[in-house]
Amino acid sequence: MILLNSVLEKLAPSYPSGLSDDDLFEFYCADNILANYDLDHTEVQSGIVDGSQDGGIDAAYVFVNRILLTEDFKFDTIKGPVEIELIVIQAKNVANFKEAPVDKLTASVPLLLSHDVDPKDLEATFKPEVIKIFRSFLDAMHQLAGEFPTVGIRIYYCCKGDAVPVAVTTKADALAANLGTSFKNVEFSTLGAQQLYERSGAQKRLVKELPTVGSPMSGTNSYVTLCRLKNYVDFISDAKGELISRIFDANVRAYQGGVEVNKEIAKSVKEPSAGVDFWWLNNGVTIVADKATFMSNRLVIENPLIVNGLQTSYELYNNGKSIVDTDERMVLVRVIVENDQIKRDEIIRATNRQTGLKHSSFRATEPVHKEIEDYFLTQGYFYDRRRNHYKREGKPADKIIGIDRLAQAVLAVLLQEPHTARARPTTAIRDDADYKRIFSGDKAQHPLPLYGVATKLLSAVDEYFKSLAGTTAQIHRNNLRFHTLMVLGWALNGGTTLPALKMPHLDTSKATTDQLKAVTNWVIAEFESAGPADKTAKEAAFTNRLKANWKESVTKVS
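Rules and cut-offs
Residues numbered from 1 in each chain as written. Predicted model: local features only at pLDDT ≥ 70, side-chain atom pairs only at ≥ 80, totals over all residues. Heavy atoms only, no water. Helix = DSSP H or I, 4+ residues; strand = E, 2+ residues; numbered from the N terminus. Rg over C-alpha atoms; globule rule 2.2 N^0.38 Å. Buried < 20%, exposed > 50% of the residue type's maximum accessible area, 1.4 Å probe, protein only. Contact = heavy atoms within 4.5 Å. Areas by Shrake-Rupley, 256 points an atom, 1.4 Å probe, with all protein chains shown as cover. Lys, Arg positive; Asp, Glu negative; His and termini not counted. Charge placed at Lys NZ, Arg CZ, Asp CG, Glu CD. Pairing = 2+ DSSP bridges. Axes fitted to C-alpha atoms, helices over the stretch in contact; angles between N-to-C directions. Expected span 1.5 Å × (residues − 1). Parallel < 35°, antiparallel > 145°, perpendicular 65-115°, else oblique. Left-handed = near helix turned anticlockwise from the far one by under 90°. Nonpolar A, V, L, I, M, F, W, Y, C, P; charged D, E, K, R; others polar. Patch = residues over 30% accessible without salt bridge, like charges linked within 9 Å, V, L, I, M, F, W, Y side chains within 5 Å. Salt bridge = Lys/Arg side-chain N within 4 Å of Asp/Glu carboxyl O. Polar contact = N/O pair within 3.5 Å; in protein donor to acceptor, adjacent residues only side chain to side chain.

### Observations concerning the overall build of the chain
Turning to step 1, where the next piece is worked out: A tally of helices and strands in the chain yields 23 helices and 15 strands.
Turning to step 2, where the next piece is worked out: The C-alpha radius of gyration of the chain comes to 25 Å, within 12% of the 24 Å expected for a compact globule of 558 residues.
Turning to step 3, where the next piece is worked out: Taking the principal axes of the C-alpha coordinates as reference, the chain spans close to 80 × 60 × 50 Å.
Turning to step 4, where the next piece is worked out: Within the span of the chain, comprising 558 residues, buried residues form 52% of the whole.
Turning to step 5, where the next piece is worked out: Once local pairs closer than 6 in sequence are excluded, the contacts in the chain between residues at least 24 apart make up 74%.
Turning to step 6, where the next piece is worked out: Accessible surface, the chain as shown: approximately 24900 Å² in total, 51% of it carbon and sulfur.
Turning to step 7, where the next piece is worked out: Within the chain, the 71 negative side-chain charges are centred at a point lying 3 Å from the centre of the 66 positive side-chain charges.

Quick look at the structure:
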């Protein structure tokens, strides 16, 4: 426990501020368990549901092909093979495993996963956030039924103890068996202090070994080698044989499922042609890394990131069971040690020019985002254009903002579309036209300080909403963040007309607690009058209502 507590103490400054000891442990356990899914701090926080009527569930997440299921998830982009996972976490900041937490899970989880129970009948027992996550899991199964998905449920019970009483294990096994009558793949795991401590290293630094066939060709900070298919599958998998999602660069992470080229790759894996090696038929894989050395017929690679060859990697992983130990076929692997982010961007673009990836996949490599990143560093913020780069460096969570989050802020303040920011958190800039409205790359149109002001105001709103956790309804905190951000901009500006060139001149120091309170209270009152519902917050009609009804006096602070 001493070692685990030291880890928690070290990590606390990099987690969201204001967490109690119990909340810190919950956040840590979720972040630890989900390390291979490469979630950012906001995504980890989105699944934490601890509180009254939580059914003994502290956090829950749904993944489709290891991508977090969000409100604007595009099911039509998912093609087989499909994997749907529900992860449930119970985290207790105590020194011993006890039966009561398992009893609560036993009473709640089967009920929440029942297809026969109307969601409205659950509202008296469970908070809306819990119901929503479990129903999204069942809905994903329905939406993707035609792809014949593999469905799995994993339940984790964490505490700072080590010895697990027999009674706890017995009850955990009984719950897994019960769920197993309806869902094929169910696991219940207990994680104590030592196990959590041992897993912690994987959160920040990933070191993998790749056995090679002979000595690789080597150049300046680079290697080109062949490795056996089975060894490569092991390289991209963790100790339990699960795919390590964060080993793939975020720009090229979208697995394209059963498209023709992937069917051909899969066929070449499962049905080898006599005398034809796999690497003759495939372009191979490109990896960039922080460090790489060759010794004893293997490459030791620190923080490997696959920037080209995702489809090949997925098909090898998905068909790994057909690759026997005696299979001598090989895949071509290029490893480039490069820590300069601009050069990494060049590598990503160059190695993917001949693929079917859309230009939008490489937006993080565009100059505008490097310029924003550099500017933010002068403002005390960290622009996470390279997903989770600053998280792994241990920078404070409250000072990190990613591309999607910044886009939401600009949508709300500058473009006055908080309904879009609320309804499309991960797809608001998927289309080129929408993207250019926010990130034109033209400093005369979108000066860099504009992004800084949007970020500072969003940070102020986030911090204020965090303080409302015990006094304000969840439906308000879930839905009105970006509407409040828009109206805050009006209040500081003294009017609803806020052009891009004026926005950098807003005095963010005036976003005081009193000002935030006045704005938030007014937005909540309008929301209640409009009909408080998720749907209301996602529609332009509510934004138009705010525009029509706002005047400076309604949010003025004396």
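### Concerning the environment of N65
Turning to step 1, where the next piece is worked out: By the element assignment, N65 lies in the loop between strand 1 (59–64) and strand 2 (67–68).
Turning to step 2, where the next piece is worked out: A C-alpha to C-alpha distance of 9.7 Å links N65 and T150, two positions 85 residues apart in sequence.

### Observations concerning the sheet that holds strand 9 (residues 285–289)
Turning to step 1, where the next piece is worked out: Across the sheet, five strands lie side by side as 7-8-13-9-12; this open sheet has mixed pairing. Two strands bound the open sheet, and with one partner strand each, they are strand 7 (217–219) and strand 12 (305–308). In this sheet, adjacent strand axes meet at a mean angle of 30° when their direction is disregarded.
Turning to step 2, where the next piece is worked out: Note that strand 7 and strand 8 (residues 222–228) share three bridges and pair antiparallel. Pairing of S218 across the sheet is with Y223, part of strand 8.
Turning to step 3, where the next piece is worked out: Relative to the sheet, helix 12 (residues 341–352) contacts strand 9, strand 12 and strand 13 (330–337), its axis offset from that of strand 12 by approximately 45°.

### Here we look at helix 4 (residues 99–112)
Turning to step 1, where the next piece is worked out: The end-to-end C-alpha distance of helix 4 is 20 Å, a good match for the 20 Å that 14 residues give at a rise of 1.5 Å each.
Turning to step 2, where the next piece is worked out: The secondary structure elements touched by the buried residues of helix 4 are strand 3 (83–91), helix 5 (119–122), helix 6 (128–143), strand 4 (150–158), helix 7 (166–180) and strand 5 (185–191).

### Some points on the sheet that holds strand 6 (residues 207–211)
Backbone-to-backbone hydrogen bonds join strands into a sheet, with any given pair of strands oriented parallel or antiparallel.
Turning to step 1, where the next piece is worked out: The strand order across the open sheet formed by three strands is 6-11-10, and the pairing between neighbours is antiparallel. For this open sheet the edge positions go to strand 6 and strand 10 (291–295), each flanked by a neighbour on one side alone. Adjacent strand axes in the sheet meet at a mean angle of 20°, parallel and antiparallel pairs treated alike.
Turning to step 2, where the next piece is worked out: Direction of pairing for strand 10 relative to strand 11 (residues 298–302): antiparallel, over a ladder of five bridges. Bridging from a neighbouring strand, K291 pairs with E302 of strand 11.

### Points about unusual backbone geometry
Turning to step 1, where the next piece is worked out: Even without a glycine there, the phi angle at R66 is positive, about 65°.
Turning to step 2, where the next piece is worked out: Here R66 is to be found in the loop between strand 1 and strand 2.
Turning to step 3, where the next piece is worked out: On the basis of relative accessibility, which here comes to 8%, the residue R66 falls in the buried class.
Turning to step 4, where the next piece is worked out: The phi dihedral of N297 is positive, around 60°, even though this residue is not glycine.
Turning to step 5, where the next piece is worked out: Inspection of the secondary structure puts N297 in the loop between strand 10 and strand 11.

### Concerning the pairing of strand 13
Turning to step 1, where the next piece is worked out: The element strand 13 is extensively covered by neighbouring structure, given that six of its eight residues are classed as buried.
Turning to step 2, where the next piece is worked out: In this structure, strand 8 lies alongside strand 13, joined through seven bridges in antiparallel fashion. By the bridge assignment for strand 13, Y223 is matched with V335.
Turning to step 3, where the next piece is worked out: Alignment of strand 9 against strand 13, held across five bridges, turns out to be parallel. From the neighbouring strand, V285 faces strand 13, where its bridge partner is V333.

### Side note on the packing of helix 15 (residues 403–413) against helix 20 (residues 481–493)
Turning to step 1, where the next piece is worked out: At a closest axis distance of 8 Å, the pairing of helix 15 and helix 20 adopts a crossing angle of 50°. In terms of their interaxial angle, helix 15 and helix 20 are classed as oblique. The hand of the helix 15/helix 20 crossing is right-handed. Two secondary-structure elements touch here, helix 15 through R405, Q408, A409, A412 and V413 and helix 20 through R481, F482, L485 and M486.
Turning to step 2, where the next piece is worked out: For the contact of helix 15 with helix 20, the per-class residue count stands at six nonpolar, one polar and two charged.

### Comments concerning a negative patch on the surface
Turning to step 1, where the next piece is worked out: Together, D21, D22, D23 and D50 make up a negatively charged patch on the protein surface.
Turning to step 2, where the next piece is worked out: Tracing the backbone shows D23 in helix 2 (residues 21–33).

### A short note on the environment of D72
Turning to step 1, where the next piece is worked out: As for its placement among the helices and strands, D72 is situated in the loop between strand 2 and strand 3.
Turning to step 2, where the next piece is worked out: It is 27 Å that separates the C-alpha atoms of D72 and N185, two residues lying 113 residues apart in sequence.
Turning to step 3, where the next piece is worked out: For D72, the residues in contact, after removing those within four places along its chain, are A423, R424, P425, T426 and T427.
Turning to step 4, where the next piece is worked out: At 2.9 Å, the side chain of D72 forms a polar contact with the side chain of T70.

### Focus: a nonpolar patch on the surface
Turning to step 1, where the next piece is worked out: A contiguous nonpolar surface patch, about 360 Å² in accessible area, is contributed by W279, W280 and L281.
Turning to step 2, where the next piece is worked out: Classification of W280 by relative accessible area gives exposed; the value is 54%.

### Here we look at the side chain of S14
Turning to step 1, where the next piece is worked out: Considering the arrangement of structural elements, one finds S14 in the loop between helix 1 (2–11) and helix 2.
Turning to step 2, where the next piece is worked out: Judged by relative accessible area, S14 falls into the buried class, the value being 8%.
Turning to step 3, where the next piece is worked out: Within the structure, S14 has its side chain in polar contact with the backbone oxygen of L11 (distance 2.7 Å).
Turning to step 4, where the next piece is worked out: Those residues in contact with S14, other than ones at most four positions away along the chain, are H41, G394, K395, P396 and A397.

### A word on the pattern of salt bridges
Pairing is possible between side chains of opposite charge, provided their charged atoms come close.
Turning to step 1, where the next piece is worked out: If you walk through the whole model with that rule in mind, you get 33 salt bridges.
Turning to step 2, where the next piece is worked out: When the shortest N-O distance is used, the salt bridge between E187 and K240 registers 3.5 Å. With E187 in strand 5 and K240 in the loop between helix 9 (229–235) and helix 10 (260–270), the pair connects residues that are 53 residues apart, well separated along the chain.
Turning to step 3, where the next piece is worked out: Exposure remark for K240: the relative accessible area of 51% places this residue in the exposed category.
Turning to step 4, where the next piece is worked out: Its salt-bridge partner being R437, residue E417 comes within 2.7 Å of it at the nearest N-O pair.

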